[in-house]
2 protein chains.
Amino acid sequence: MNAGTEQKLINKNINPTAMRLLVLDLLLKQNSAISLSDIEKGLEPADRTTIYRTLKTFEEKGLTHIIDDGTGSPKYALCLEECDANEHHDLHVHFYCTSCKETFCLPNCKIPDLSLPNDFTATEMNLVVKGVCDRCKN
Amino acid sequence: MNAGTEQKLINKNINPTAMRLLVLDLLLKQNSAISLSDIEKGLEPADRTTIYRTLKTFEEKGLTHIIDDGTGSPKYALCLEECDANEHHDLHVHFYCTSCKETFCLPNCKIPDLSLPNDFTATEMNLVVKGVCDRCKN
DNA sequence: AAATTAATGCAATTCCATTGCATTGCTTTA
DNA sequence: TAAAGCAATGCAATGGAATTGCATTAATTT
């Protein structure tokens, strides 16, 4: 495992325990967002609750973000932008491929500005696009 | 109950049973999207399963749409655009107010076009904005 | 070394959506 | 009109997953 992994935790003020290193390492290897169950399978026989709480910590410290892709099971992915404990900036689009069932972050695809009705104030936005990804197109 | 309510069901090829009229009537009265539990409370002592299946039928016939607002419990609202059994066109933005916890359709707020990466094809989009609604701003 | 705090693991809860199945009601047809 | 078939309903059970409680273990501080 890369030594930089530990540094990534320290940078975010996260105590680098063995479990947390494993989870972060697994996340670093992904090219799509994965679910708690995926992580559980990938780290067997690690305990589900611990992973759950690890992800919660990561999210609170601005290391990962939680993606609601509409499938009902939350997905987790590393923050690509500079996020911290106070604020998340993952205003990019997420893409759910109906063919391979994977969820991708599209960091270069920002959510466009939109004009809300009068007196509506936005603090957060979540845009999920469903369709077919590049690898699944035939 | 308005007689037009029954016609709305017939127009969508939905057999207008008593239960379905009640559910549709309740939906017509809302100015925000509501959950299955909300409807259940509003129609006590009607059975949850029946309401669930009623909403499923409505959705399949293009009368209502299901909104995933990220709270974990799906919300239901009447389709404002012309939807039918084959296709839904509810490409408007949904707004979740973190103050009153209500979910609104913003039919005049369309999801802007966006350019996906090469070889990604979109079939559906869901944009949820979180923030404070007009009634909750102080 | 003792005491406090942080992290972990197991078990139990809880919350809903969803399904199975039996019953009831409606409609068609002989 | 009676029988048969299909549609709708209601109750009970299932299932999946997030979440919480609590006891144990590990790490840190005094």
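Definitions and cut-offs
Residues numbered from 1 in each chain as written. Chains lettered and ligands numbered in written order. Predicted model: local features only at pLDDT ≥ 70, side-chain atom pairs only at ≥ 80, totals over all residues. Heavy atoms only, no water. Phe/Tyr/Trp six-rings, centres within 6.5 Å; stacked < 30°, edge-to-face > 60°. Helix = DSSP H or I, 4+ residues; strand = E, 2+ residues; numbered from the N terminus. Buried < 20%, exposed > 50% of the residue type's maximum accessible area, 1.4 Å probe, protein only. Expected span 1.5 Å × (residues − 1). Contact = heavy atoms within 4.5 Å. Near = heavy atom within 4 Å. Polar contact = N/O pair within 3.5 Å; in protein donor to acceptor, adjacent residues only side chain to side chain. Salt bridge = Lys/Arg side-chain N within 4 Å of Asp/Glu carboxyl O. Core = buried A, V, L, I, M, F, W, Y, C linked by side-chain atoms within 4.5 Å. Nonpolar A, V, L, I, M, F, W, Y, C, P; charged D, E, K, R; others polar. Least-squares fit on C-alpha atoms with pLDDT ≥ 70 in both.

Some thoughts on the packing of aromatic side chains
Then, in step 1: For the structure shown, the criterion picks out 4 aromatic pairs over all chains.
Then, in step 2: Both rings, one in A:Phe104 and one in B:Phe120, keep their centres 6.2 Å apart while their planes meet at 90 degrees; by these two values the pair is edge-to-face. Highlighted residues: A:Phe104 in strand β5 (residues 103-110) and B:Phe120 in the loop between β5 (103-110) and β6 (121-132), drawn from two different chains.
Then, in step 3: The class of A:Phe104 is buried, set by a relative accessible area of 8%.
Then, in step 4: Ring geometry for A:Phe120 versus B:Phe95: centroids 4.8 Å apart, planes at 85 degrees, classification edge-to-face. You can see A:Phe120 sitting in the loop between β5 and β6 (121-132) and its partner B:Phe95 sitting in strand β4 (residues 92-97), one on each of two chains. Like B:Phe95, A:Phe120 is buried.
Then, in step 5: Taken together, the ring pairs in this structure connect A:Phe95, A:Phe104 and B:Phe120 into an aromatic cluster.

Quick notes on helix α2 (residues 18-29) of chain A
Residue and element names in this part refer to chain A.
Then, in step 1: Taking 1.5 Å as the rise per residue, α2 with 12 residues should run 16 Å; its terminal C-alpha atoms sit 17 Å apart, in good agreement.
Then, in step 2: Of the positions making up α2, those classed as buried are Met19, Leu21, Val23, Leu24, Asp25, Leu26 and Leu27.
Then, in step 3: Check the buried side of α2 and you find it contacts α1 (3-11), β1 (34-35), α3 (36-42), α4 (48-60), β2 (64-67) and β3 (75-78).

Here we look at the protein's contact with DNA strand C
Then, in step 1: The full set close to DNA strand C counts 15 residues, and A:Thr17, A:Arg20, A:Arg53, B:Arg48 and B:Tyr52 are the nearest of them.
Then, in step 2: Of what DNA strand C places within 4 Å of the protein, 66% of the atoms are sugar or phosphate.
Then, in step 3: Take A:Thr17: an N or O atom from its side chain is 2.8 Å from a phosphate oxygen of DNA strand C.
Then, in step 4: Side-chain polar atom of B:Arg53 to a base oxygen of DNA strand C: 3.1 Å apart, as the coordinates give it.
Then, in step 5: Put simply, the parts of the chain that give the surface near DNA strand C at least two residues each are α2 and α4 of chain A together with α4 (48-60) of chain B.

Considering the pattern of salt bridges
Residues and elements named next belong to chain A.
Then, in step 1: In this structure the tally under the stated criterion is 10 salt bridges over all chains.
Then, in step 2: Across the pair Lys75 and Asp69 runs a salt bridge, and its minimum N-O distance is 3.1 Å. The burial state of Lys75 is the same as that of Asp69; both residues are buried.

Re the side chain of A:His94
Residue and element names in this part refer to chain A.
Then, in step 1: By secondary structure assignment, the location of His94 is in strand β4 (residues 92-97).
Then, in step 2: For His94, a relative accessible area of 3% translates into the label buried.
Then, in step 3: Polar side-chain contacts of His94 include one of 3.2 Å to the side chain of His92.
Then, in step 4: Setting aside chain neighbours within four positions, we find His94 in contact with His65, Ile67, Phe104, Cys105, Asn126, Leu127, Val128 and Val129.

Observations concerning the nonpolar core
Then, in step 1: Counting residues in hydrophobic clusters, the biggest one holds 23 residues, and the most contacted among them are A:Phe95, A:Leu106 and B:Phe95.
Then, in step 2: If you list the elements that add at least two residues to this core, you get β4, β5 and β6 of chain A together with β4, β5 and β6 of chain B.
Then, in step 3: Once residues within four sequence positions are removed from consideration, B:Phe95 is found in contact with A:Leu116, A:Phe120, A:Thr121, B:Glu102, B:Thr103, B:Phe104, B:Leu106, B:Val129, B:Lys130, B:Gly131, B:Val132 and B:Cys133.

Describing the protein's contact with DNA strand D
Then, in step 1: Every one of the 15 residues lining DNA strand D counts as a neighbour, but A:Arg48, A:Tyr52, B:Thr17, B:Arg20 and B:Arg53 are closest to it.
Then, in step 2: A share of 68% of the atoms of DNA strand D within 4 Å of the protein falls on sugar and phosphate groups.
Then, in step 3: B:Arg20 is positioned with one of its side-chain polar atoms (N or O) 2.7 Å from a phosphate oxygen of DNA strand D.
Then, in step 4: At 3.3 Å from a base nitrogen of DNA strand D is found a side-chain nitrogen or oxygen belonging to B:Thr49.
Then, in step 5: Going through the elements one at a time, α4 of chain A together with α2 (18-29) and α4 of chain B are the ones with two or more residues in the surface near DNA strand D.
Then, in step 6: Of the residues forming the surface near DNA strand D, the biggest block, 5 residues, is contributed by α4(A).
Then, in step 7: A class-by-class count of the residues in the surface near DNA strand D yields 4 nonpolar, 5 polar and 6 charged.

Quick notes on the relation of the copies chain A and chain B
Note on the chain copies: they are related by a rotation about an axis and a translation along it.
Then, in step 1: Mapping chain A onto chain B calls for a rotation angle of 179 degrees and an axial translation of 0.0 Å; the resulting RMSD is 0.1 Å. Here the symmetry operator amounts to a two-fold rotation axis. For chain A, the residue whose C-alpha comes nearest the rotation axis is A:Leu127, separated from it by 2.1 Å.
Then, in step 2: A high fraction, 100%, of the interface residues of chain A reappear at the interface in chain B, so the copies pair face to face through one surface.

In short, the description is geometric, and any link to function would need to be established separately.
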